[in-house]
Amino acid sequence: MSSNEPEGDFVTGPPALHPSTLPSTFILGTNPSSHRINLRPLTLSHAKALFTNLSGPANDHLYKYLPGGPFPDIESFTKHIQWLIDEPGYYAFSIFSADKIHPSNQDPSTSTGVKDKDSEGTAVSIICLLNIVPANRSIEIGHVLYAATLQRTTPATAAYYVLMKLCFEDLHYQRVEWKCNDRNKPSERAALRLGFKYEGTFRKHMIVKGRRRDSAWFSVLDDEWKESVGEALETWLSPGNFDETGGQRRKLEEVRGEVEKRGRV
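The following refers to the structure shown. What you are looking at is a predicted structure, and each value in this text was computed from that prediction instead of being measured. (Residues numbered from 1 in each chain as written. Predicted model: local features only at pLDDT ≥ 70, side-chain atom pairs only at ≥ 80, totals over all residues. Heavy atoms only, no water.)

## Quick look at the packing of aromatic side chains
Reasoning step 1: Tallied over the entire structure, the rule returns 13 aromatic pairs.
Reasoning step 2: Both rings, one in Tyr161 and one in Trp225, keep their centres 6.1 Å apart while their planes meet at 25 degrees; by these two values the pair is stacked. Of this pair, Tyr161 sits in helix α3 (residues 154–170) while Trp225 sits in helix α5 (residues 222–237), and the two are 64 residues apart along the sequence.
Reasoning step 3: Under the relative-accessibility criterion, Tyr161 is labelled buried at 3%.
Reasoning step 4: An aromatic cluster of at least three residues, connected via ring pairs, comprises Phe51, Tyr63, Phe71 and Phe77.
Reasoning step 5: The ring of Trp217 carries Lys179 above its face, with NZ or CZ at 4.3 Å from the centroid.
Reasoning step 6: The ring of Trp236 carries the charged tip of Arg193 above its face, separated from the ring centre by 4.9 Å. (Phe/Tyr/Trp six-rings, centres within 6.5 Å; stacked < 30°, edge-to-face > 60°. Helix = DSSP H or I, 4+ residues; strand = E, 2+ residues; numbered from the N terminus. Buried < 20%, exposed > 50% of the residue type's maximum accessible area, 1.4 Å probe, protein only. Lys NZ or Arg CZ within 6 Å of the ring centre and 35° of its normal.)

Quick look at the structure:
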């Protein structure tokens with residue numbers, strides 16, 4: 001072979017698909033591992049319920065590291081929702097839940113009218129795909145706006161799991177990225193817990209709300225998803241890992257360590 005030949009492994013497998021190819025009625029997360037949440041493409045019809053969960057002075061802290069917000073009224077919030085829908089670099093999802101802990105499920109004006117415990121509930125949070133580059137089979141999970149009532153819960157992890165599974169197994173991406181302000185330590189811890197690997201910090205990467213941002217980069221590769229990350233998440237989320245009060249029996253990191261150890265045998 002000529003020494004002038006390009007180096008690197010040849011890329012195989014099906015081409016990556018842009019999430020915009022998903023039908024508008026697409027529902028993601030309908031199995032026990034989803035813990036009664038599901039993801040649906042964001043629409044303006046979700047704005048009222050989302051505003052109920054994500055706005056007001058008590059929720060201003062949710063926007064500390066995001067490029068927009070907080071939003072003082074439904075009109076400005078709805079404009080932001082429209083921007084997320086229209087922005088070509090984003091593909092946004094609403095996270096639906098029927099759990100009564102979320103304010104929108106306590107407000108009759110945002111109710112779906114379905115009363116049984118397994119109903120779809122209302123839109124409680126937002127999660128997005130961005131930096132979507134099918135040619136490089138690379139995509140990012142970002143612009144995550146979790147309600148305070150969703151943060152640090154099992155359904156919060158389930159939402160990440162079903163979206164990562166979509167990227168790797170249905171849309172055929174080989175790299176899923178996670179980027180955050182390097183001052184946002186809760187986001188960094190969340191990335192590592194889910195199985196993302198730290199790749200470094202891009203200094204003076206962005207300007208957000210007039211302030212300089214250094215960005216910490218993380219990723220999961222398709223090989224890692226197949227070998228341990230996906231199985232660990234699915235095992236951790238399985239009903240058998242939770243007691244009658246909903247408490248975890250084993251930590252996610254512990255489960256992933258066992259999966260990785262088994263793979264090395």
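## What about α5?
Reasoning step 1: Maximal helix bending in α5 amounts to about 45 degrees, located at Ser228.
Reasoning step 2: Residues Asp222, Glu224, Trp225, Ser228, Val229, Gly230, Ala232, Leu233, Trp236 and Leu237 constitute the buried set of α5. (Bend = angle between axes of the 7 residues up to and from the residue.)

## Side note on the environment of Ser97
Reasoning step 1: Within the secondary structure layout, Ser97 lies in strand β2 (residues 90–97).
Reasoning step 2: Residue class for Ser97 comes out buried when judged on its relative accessible area of 5%.
Reasoning step 3: Linking Ser97 and Ser20, residues 77 residues apart in sequence, is a C-alpha distance of 23 Å.
Reasoning step 4: At 3.1 Å, the side chain of Ser97 forms a polar contact with the backbone nitrogen of Asp99. (Polar contact = N/O pair within 3.5 Å; in protein donor to acceptor, adjacent residues only side chain to side chain.)

## A closer look at the sheet that holds strand β7 (residues 211–221)
Reasoning step 1: Spatial strand order, β1-β2-β3-β4-β5-β7-β6: seven strands in an open sheet with mixed pairing. Whereas interior strands pair on both sides, the edge strands pair on one side only; in this sheet they are β1 (37–41) and β6 (197–208). Averaged over all pairs of adjacent strands, the angle between their axes in this sheet comes to 30 degrees, without regard to strand direction.
Reasoning step 2: Note: strand β4 (residues 138–145) against strand β5 (residues 175–181), three bridges, orientation parallel. (Pairing = 2+ DSSP bridges. Axes fitted to C-alpha atoms, helices over the stretch in contact; angles between N-to-C directions.)

## Brief notes about the pairing of β5
Reasoning step 1: Counting buried residues along β5, seven of its seven residues qualify, which places the element largely inside the surrounding structure.
Reasoning step 2: At this point the chain moves from β4, through α3, to the parallel β5, and the crossover so formed is right-handed.
Reasoning step 3: For β5 and β7, the ladder comprises seven bridges, and the chain directions are antiparallel. Across the sheet, residue Glu177 finds its bridge partner in β7, namely Ser219. (Right-handed = clockwise from strand over helix to strand, strands pointing away.)

## Regarding the side chain of His80
Reasoning step 1: Among the structural elements, His80 can be located in helix α2 (residues 74–86).
Reasoning step 2: Relative accessible area serves as the criterion here: at 10%, His80 is assigned to the buried category.
Reasoning step 3: Excluding its chain neighbours within four sequence positions, the residues that come into contact with His80 are Phe71 and His143. (Contact = heavy atoms within 4.5 Å.)

## Regarding the environment of Pro32
Reasoning step 1: Among the structural elements, Pro32 can be located in the segment before β1.
Reasoning step 2: Each C-alpha atom of the pair Pro32 and Val162 lies 11 Å from the other, and the pair is 130 residues apart in sequence.

## Some points on the packing of helix α1 (residues 47–54) against α2
Helix-helix packing: each pair is described by the crossing angle between the helix axes and the interaxial distance.
Reasoning step 1: Where α1 meets α2, the axes come as close as 10 Å, and the angle between the chain directions of the two elements is 115 degrees. As summarised for this structure, α1 and α2 are arranged roughly perpendicular, according to the angle between their axes. As for how α1 packs across α2, the hand of that crossing is right-handed. Each of Ala47, Lys48, Leu50, Phe51 and Leu54 in α1 lies in contact with α2, whose residues at this interface are Ile74, Phe77, Thr78 and Ile81.
Reasoning step 2: Partitioned by chemical class, the residues of the contact of α1 with α2 number seven nonpolar, one polar and one charged. (Parallel < 35°, antiparallel > 145°, perpendicular 65-115°, else oblique. Left-handed = near helix turned anticlockwise from the far one by under 90°. Nonpolar A, V, L, I, M, F, W, Y, C, P; charged D, E, K, R; others polar.)

## Structural notes on the pairing of strand β3 (residues 122–133)
Reasoning step 1: Burial of β3 is extensive: 10 of the 12 residues sit out of reach of the surface.
Reasoning step 2: In this sheet, β3 lies alongside β2 in antiparallel orientation, the contact comprising eight bridges. Bridged to Phe96 within β3 is Ala123.
Reasoning step 3: Where β3 meets β4, five bridges bridge the pair, whose relative direction is antiparallel.

## Some remarks on the side chain of Glu140
Reasoning step 1: You can see Glu140 is positioned in strand β4.
Reasoning step 2: Within the structure, the side chain of Glu140 is placed 2.8 Å from the side chain of Lys179, a separation counted as a polar contact.
Reasoning step 3: Once residues within four sequence positions are removed from consideration, Glu140 is found in contact with Cys128, Leu129, Leu130, Asn131, Glu177, Trp178 and Lys179.

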